[in-house]
Amino acid sequence: MTLATDTAVRADGVVLRYGRTTALDGVSLSLGTGVTGLLGPNGAGKTTLLRVIATAVRPDSGTVSAFGHDALTGPGRLAVRRRLGYLPQDPGFHPSFTAFEFVDYVAILKELTVRSARHAEVRRVLAQVGLDEQRGKRIRALSGGMRQRVALAAALVGDPALLILDEPTVGLDPEQRMRFRELFADLGEDRAVLLSTHQTEDVMSLCRTVVVLDEGRVRFDGTPVELAAQAAGRVWTSETRATGALASWRTGTGSYRQVGDPPLGADLLEPTIEDGYLTLVGLRATEDPR
Ligand SMILES: Nc1ncnc2c1ncn2[C@@H]1O[C@H](COP(=O)(O)OP(=O)(O)OP(=O)(O)O)[C@@H](O)[C@H]1O
């Protein structure tokens, strides 16, 4: 059974504990076609949530479904895995494999059993990430950015309808980040892409929706513009540093840019997505100390 709507993934009330740590504390969200950004401070539960949706770990409670399949049953899990591409933080490279051999190995695990068709698919995904010339190179000889591309190629095998990417642009230089951005935007045109990142610019330029996770809970779920609007009326500029602001720094022009509670008559600025994020996560930290 598949859902008639655009919803690719639905999670409801997902709880996952590691011993005494509650990594996910009742997470609900749904993902449709397009790129969804997942933002959150270190330890917020982003990787855990991606692993749950990628069926790599089972939650203690709650439900997860993808394309209408219950991801927590055996047959449902298999159906989800067949539609899924997952780029984990550590892809488990074997450094003496070539790029081609690694992606081919992943393709075998993805049940592409006919050798000629599988090799054609491996060449296709390596070309898609711009690595056709390097496919015979050993992974140990590739730069960090190229290794990330190999990992992305592996995730793209079989043209999955759901792509889960855990901090794929970490450690990339600006030019490579731009290339990845272009690729993710293309990929998001006809599939659901869930992208965990610390790069608010990636979210602003790419994502249709953004989810902010903090201490295992969804703090925000909306558009990037709506996230920026969380800081409306809370960003201002002044000649001196304000005390008690969430953030305050001297800009290149010599004046201070500040986020927090502005004084009366403050010279307000247009908030960015980063300001919105800081307002959400920073305020929680000061209002609800646990
Ligand atoms: N295998 C594990 N065993 C025990 N605790 C874990 C395990 N994995 C994660 N945790 C804990 O669960 C919480 C959420 O971790 P998670 O890695 O999902 O966060 P994150 O948002 O991805 O962080 P980061 O941005 O640093 O990657 C943290 O407190 C972390 O220490």
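Residues numbered from 1 in each chain as written. Predicted model: local features only at pLDDT ≥ 70, side-chain atom pairs only at ≥ 80, totals over all residues.

As annotated in an unreviewed UniProt entry, the protein is ABC transporter ATP-binding protein from Asanoa siamensis.

A separate point is the overall build of the protein. Summing up its helical and strand segments, the protein has nine helices and 14 strands in all. For the protein, whose C-alpha radius of gyration is 21 Å, the value lies close to the compact-globule estimate of 19 Å for 290 residues. Across the 290 residues in the protein, those meeting the buried criterion constitute 40%. Here the analysis covers contacts within the protein between residues at least 6 apart in sequence; of these, 67% occur between residues at least 24 apart. (Helix = DSSP H or I, 4+ residues; strand = E, 2+ residues; numbered from the N terminus. Rg over C-alpha atoms; globule rule 2.2 N^0.38 Å. Buried ≥ 20, exposed ≤ 12 C-beta atoms within 10 Å, placed from the backbone. Contact = placed C-beta atoms within 7 Å.)

Take the pairing of strand E4 (residues 61–66) next. Note: strand E1 (residues 9–18) against E4, five bridges, orientation antiparallel. In the sheet register, Ala-11 faces E4, and the bridge partner there is Val-64. Inspection of the sheet shows E4 paired to strand E5 (residues 69–70) by two bridges, in the antiparallel sense. Residue pairing for E5: Ser-65 is matched across the bridge by Asp-70. What sits between E4 and E5 in their antiparallel hairpin is a turn of two residues, with Phe-67 showing a positive phi close to 50°. (Pairing = 2+ DSSP bridges.)

An ideal rise of 1.5 Å per residue puts 20 Å on 14 residues; helix H6 (residues 174–187) measures up with 20 Å between its terminal C-alpha atoms. Of all the positions in H6, only Phe-180, Phe-184 and Leu-187 are classed as buried. Buried residues of H6, seen end-on, are gathered within an arc of 60° and therefore sit on one face of the element. Residues of H6 that are exposed and angled more than 90 degrees away from the buried face: Pro-174, Glu-175, Glu-182 and Asp-186. Each element contacted by the buried residues of H6 is listed here: strand E3 (34–39), strand E7 (162–166), strand E8 (192–196) and helix H7 (200–206). (Expected span 1.5 Å × (residues − 1). Arc of directions from axis to C-beta.)

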